[in-house]
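# Fold and geometry: a report
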Amino acid sequence: MTSHMAGNRADIQTDRLAEQRRRRAGVQAQVRAIAPATGGVLHAAFVFGLMLFLLLTLPLRAEEGAIVKSHGFAEFGELKYPAGFAHFDYVNPQAPKGGELAISAVGTFDSMNPFTRKGRAGALASEHFESLMIESYDEPGSYYGLVAESLEYPESQDWVIFNLRPEARFSDGSPVTAEDVVFSHNILLDQGLQSYAEAVRKRIPKAEALGPQQVKFHFSPDFPRRAMISQVAGTPVFSKAWFEADPENRRLDEPRLDPGIGSGPYILEKADINQRIIYRRNPDYWGEGLNVNIGRHNYDSIRVEYFGDTIAAMEGFKAGVYTVRPENNSKSWATAYEFDAIANGDVIKDEIPNGNVPAASGFVMNLLRPQFQDIRVREAVQLAYNFEWTNESLQYGLFRQRSSFWQDSALEAKGLPEGRELEVLTALGDQIESGLLTSEPVMAHASKPKRPNDRRNLRRAMKLLDEAGWEVNSDGMRQNAAGELLEIELLLDSPSLERIAAPYVSNLRAMGVDARLNRVDYAQYTSRRREKDFDMVYFAYPKSLEPSTGLYQQFGAEAHQFSVFNPAGLADPAVDALIGNVVEAKTQEDLQSNARALDRVLRAKRFMVPAWYLDVSWIAYWKQYAYPENLPPYSTGLLDLWWVDAEREATLKASGALR
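Residues numbered from 1 in each chain as written. Predicted model: local features only at pLDDT ≥ 70, side-chain atom pairs only at ≥ 80, totals over all residues. Heavy atoms only, no water.

### Quick look at the overall build of the protein
Counting its secondary structure elements, the protein contains 20 helices and 26 strands. Compactness check: the protein gives a C-alpha radius of gyration of 28 Å against a globular reference of 26 Å for 659 residues, within 12% of the reference. Across its three principal axes, the protein shows a C-alpha extent of roughly 105 × 70 × 50 Å. Counting across all 659 residues of the protein, residues that qualify as buried make up 53%. (Helix = DSSP H or I, 4+ residues; strand = E, 2+ residues; numbered from the N terminus. Rg over C-alpha atoms; globule rule 2.2 N^0.38 Å. Buried < 20%, exposed > 50% of the residue type's maximum accessible area, 1.4 Å probe, protein only.)

### Some details on the confidence of the model for the protein
If pLDDT is low for a region, its predicted coordinates should not be looked at in detail. Across the protein, the average pLDDT comes to 89, with 90% of residues at or above 70. A low-confidence stretch, residues 1-64 stays under pLDDT 50, and its non-local contacts, those more than four residues away or across chains, total 47 contacts. (pLDDT = per-residue confidence, 0-100. Contact = heavy atoms within 4.5 Å.)

### Some thoughts on the pairing of strand β10 (residues 266-272)
Pairing between β10 and strand β11 (residues 276-281): six bridges, direction antiparallel. Residue pairing in the sheet places I267 in a bridge with R280 of β11. (Pairing = 2+ DSSP bridges.)

### A word on the pattern of salt bridges
All told, the structure shown has 43 salt bridges when counted by the stated rule. Between D640 and R296 there is a salt bridge whose closest N-O contact spans 2.9 Å. Separated by 344 residues along the polypeptide, D640 in the loop between β25 (625-626) and β26 (643-644) and R296 in the loop between β11 and β12 (301-307) bring together distant segments of the chain. Like D640, the residue R296 is buried in the burial classification. In the salt-bridge network here, residues are joined through shared partners; they are E100, K270, D272, R276, R303 and E305. (Salt bridge = Lys/Arg side-chain N within 4 Å of Asp/Glu carboxyl O.)

### Quick notes on the sheet that holds strand β15 (residues 360-365)
Taken in spatial order, the five strands line up as β20-β19-β21-β15-β22 in an open sheet, and their pairing is mixed. Of all the strands in the sheet, just β20 (514-519) and β22 (608-610) have a single pairing partner and so form its edges. Sheet twist, expressed as the average angle between the axes of neighbouring strands with direction ignored, equals 35°. Along the sheet, helix α11 (residues 375-383) contacts β15, β19 (487-492), β21 (536-541) and β22; its crossing angle with β22, the most-contacted strand, is approximately 25°. Here helix α15 (residues 495-510) sits on the sheet in contact with β15, β19, β20, β21 and β22, set at roughly 170° to β20. (Axes fitted to C-alpha atoms, helices over the stretch in contact; angles between N-to-C directions.)

### Topic: the nonpolar core
Formed by 95 residues in total, the largest nonpolar core has its most connected members in V381, Y504, M536, Y541, F555 and F607. Sort the elements by how many residues they give to this core and helix α19 (residues 588-605) lands first, with seven residues. V160, V182, V324 and L631 belong to the second largest nonpolar core, which has 78 residues in total. (Core = buried A, V, L, I, M, F, W, Y, C linked by side-chain atoms within 4.5 Å.)

### Quick look at the sheet that holds strand β5 (residues 142-145)
Ordered by their spatial adjacency, three strands build an open sheet running β2-β5-β4, and the pairing between neighbours is antiparallel. Edge positions in the open sheet fall to β2 (72-74) and β4 (133-135), since each of these has one partner strand only. Adjacent strand axes in the sheet meet at a mean angle of 20°, parallel and antiparallel pairs treated alike. The sheet contact formed by β4 and β5 spans three bridges and is antiparallel. Looking at the pairing, I134 lines up with Y144 of β5.

### Examining the packing of aromatic side chains
Scanning the model with the defined rule gives 41 aromatic pairs in all. Relative to F243, the ring of F238 lies with its centre 5.8 Å away and its plane at 55°, an arrangement referred to as tilted. Like F238, the residue F243 is buried in the burial classification. Between W333 and Y337 the ring centres are 5.3 Å apart and the planes differ by 65°, which places this aromatic pair in the edge-to-face class. When sorted by exposure, W333 lands in the same class as Y337, which is buried. (Phe/Tyr/Trp six-rings, centres within 6.5 Å; stacked < 30°, edge-to-face > 60°.)

### Description of helix α12 (residues 387-394)
Every α-helical turn comprises 3.6 residues, leaving residues that sit three or four positions apart pointing alike. Across the eight residues that make up α12, a large majority, six, are buried. Contacts made by the buried residues of α12 are with α9 (330-336), β16 (400-401), α15 and β23 (612-613). Of the residues one or two after α12, Y396 is the one with positive phi, at around 60°.

### Re unusual backbone geometry
Positive phi, close to 75°, is recorded for A227, a residue that is not glycine. Within the fold, A227 resides in the loop between β9 (214-218) and α6 (228-233). For H297, which is not glycine, the phi torsion reads 55° and is therefore positive. Residue position: H297 is located in the loop between β11 and β12.

Here is the structure:
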């Protein structure tokens with residue numbers, strides 16, 4: 001047992017002993033109060049029986065009242081870092097402060113309110129706001145105090161109290177109080193995304209300020225406890241006074257260029273619509289010396305340059321208009337970095353290992369649409385996509401094919417179900433197809449890389465469409481018995497995805513599907529995504545090694561008709577049951593077994609055409625930047641762990657390579 005966990009357990013034991021002493025004193029007081037009313041043998045027997053009853057119940061009641069007090073919270077196991085730790089292992093505590101991080105964004109923005117339900121928010125708009133705790137980058141599911149210096153909760157986790165740091169301040173110098181935290185929680189429910197509000201309101205019925213620096217969250221008895229604490233610990237903290245000064249114009253759900261005030265290390269300096277955003281370090285940032293912040297937030301400013309398309313953005317990087325470029329386009333990574341600054345070493349092309357579960361990305365079908373009700377249609381739509389040809393011909397062979405929602409992790413379903421996973425699936429009874437118990441999980445199909453349309457898979461797909469009642473008419477198009485065409489619109493907002501998706505749409509048309517590709521502007525795409533006004537979209541479900549309540553928003557029936565995080569509109573009782581099991585898991589083994597079962601069931605639903613993934617992060621940067629040698633496995637740290645090397649920057653500018 002590590003020293004900090006021993007300390008936590010000591011706290012618990014101390015609380016238990018103190019509680020027992022209090023209760024024993026209470027018993028004695030009750031006996032003294034009763035004694036005058038009784039006498040003789042009856043009195044002695046009654047008093048002895050009463051004391052025996054009350055004292056025998058003490059251990060149970062003390063156990064129920066045991067309180068854990070800690071500087072952090074781990075969903076499973078023990079925290080890596082003890083109370084009072086100096087800094088995270090993955091930072092450079094001597095990292096110099098100064099310089100500028102300059103990055104890019106493609107598209108438009110019309111708001112600096114990241115929580116608006118309308119329009120499109122500017123990049124990094126949520127960076128102003130801090131949360132009660134922050135997650136460690138080198139241990140999944142572990143959180144340490146930021147705005148809150150500590151937390152306390154019963155072992156049952158029926159509630160949690162956060163003790164705020166008295167020195168915490170908003171950027172205007174006003175203190176961060178428990179009232180601000182309660183206000184933030186409530187305004188997210190009242191004016192935030194509906195899918196978030198519906199889910200959270202049922203699970204967290206009450207938040208209250210117990211004092212200026214103490215806030216308590218109550219959890220509903222009807223829901224599992226796991227991840228409840230980490231969820232409320234991640235609540236962004238807003239200034240109640242700022243919002244209430246002008247409640248009509250300062251709404252959380254409306255676009256505005258004034259982001260409000262937060263308590264974070266950066267504040268907005270300038271926002272030129274559709275051109276650039278500049279964030280400047282707050283010279284009076286209250287949390288500069290916290291152990292969780294040592295070696296972090298090293299830039300004096302962060303600038304985001306906006307470009308109309310990816311081609312213009314690439315040219316801007318080559319010209320030094322901005323200086324760091326995370327890359328997600330395989331064609332660019334393979335062919336666009338052939339310019340002088342690369343050749344002479346002024347620009348570094350880096351691949352950083354990524355230990356995160358890759359996002360579950362692919363072309364998602366909207367199950368609220370009638371054409372996708374039959375699973376045979378969905379399987380046929382999957383078969384039309386040729387990953388091998390796409391990867392070799394259009395993506396330079398740089399990607400790997402994805403099958404699982406938790407690819408390359410302990411949560412990925414493999415082979416036949418066995419052990420605890422088999423027990424979990426069997427318990428679902430007739431909520432799942434019996435074949436799931438005796439077959440391997442659905443895998444992304446193999447295709448021939450020599451041509452975009454694999455005839456074997458297309459023949460199989462067309463047979464499935466025939467069986468589903470979509471016959472070929474005289475025009476060569478698929479229609480049902482009612483004469484309705486099998487129509488599919490693939491909605492996109494990215495030109496780089498358009499070149500990837502075009503051959504896929506051609507394959508669908510070769511099968512007789514009236515398929516079309518529709519690339520719209522960013523604003524229209526955002527609006528249609530929110531309204532679920534699409535047949536198919538390209539989407540990436542974020543995934544973690546310790547999934548929890550977020551699964552309800554991604555795959556749960558509760559908000560399937562309007563959740564932007566559940567683009568498939570999936571609603572299935574077996575999926576809901578498995579999500580509940582994952583959230584209720586008390587051990588890593590139980591979590592992983594249930595997640596594997598969920599992975600198996602989700603893949604069998606065939607609502608997504610799985611695409612590609614990487615196990616590294618591509619980042620190109622002008623060489624004035626540096627990062628710690630021991631970067632953590634779960635973050636590149638670009639925004640908060642890197643720094644500017646002043647000597648390298650001066651050399652680049654002296655040579656004329658940079659402005």
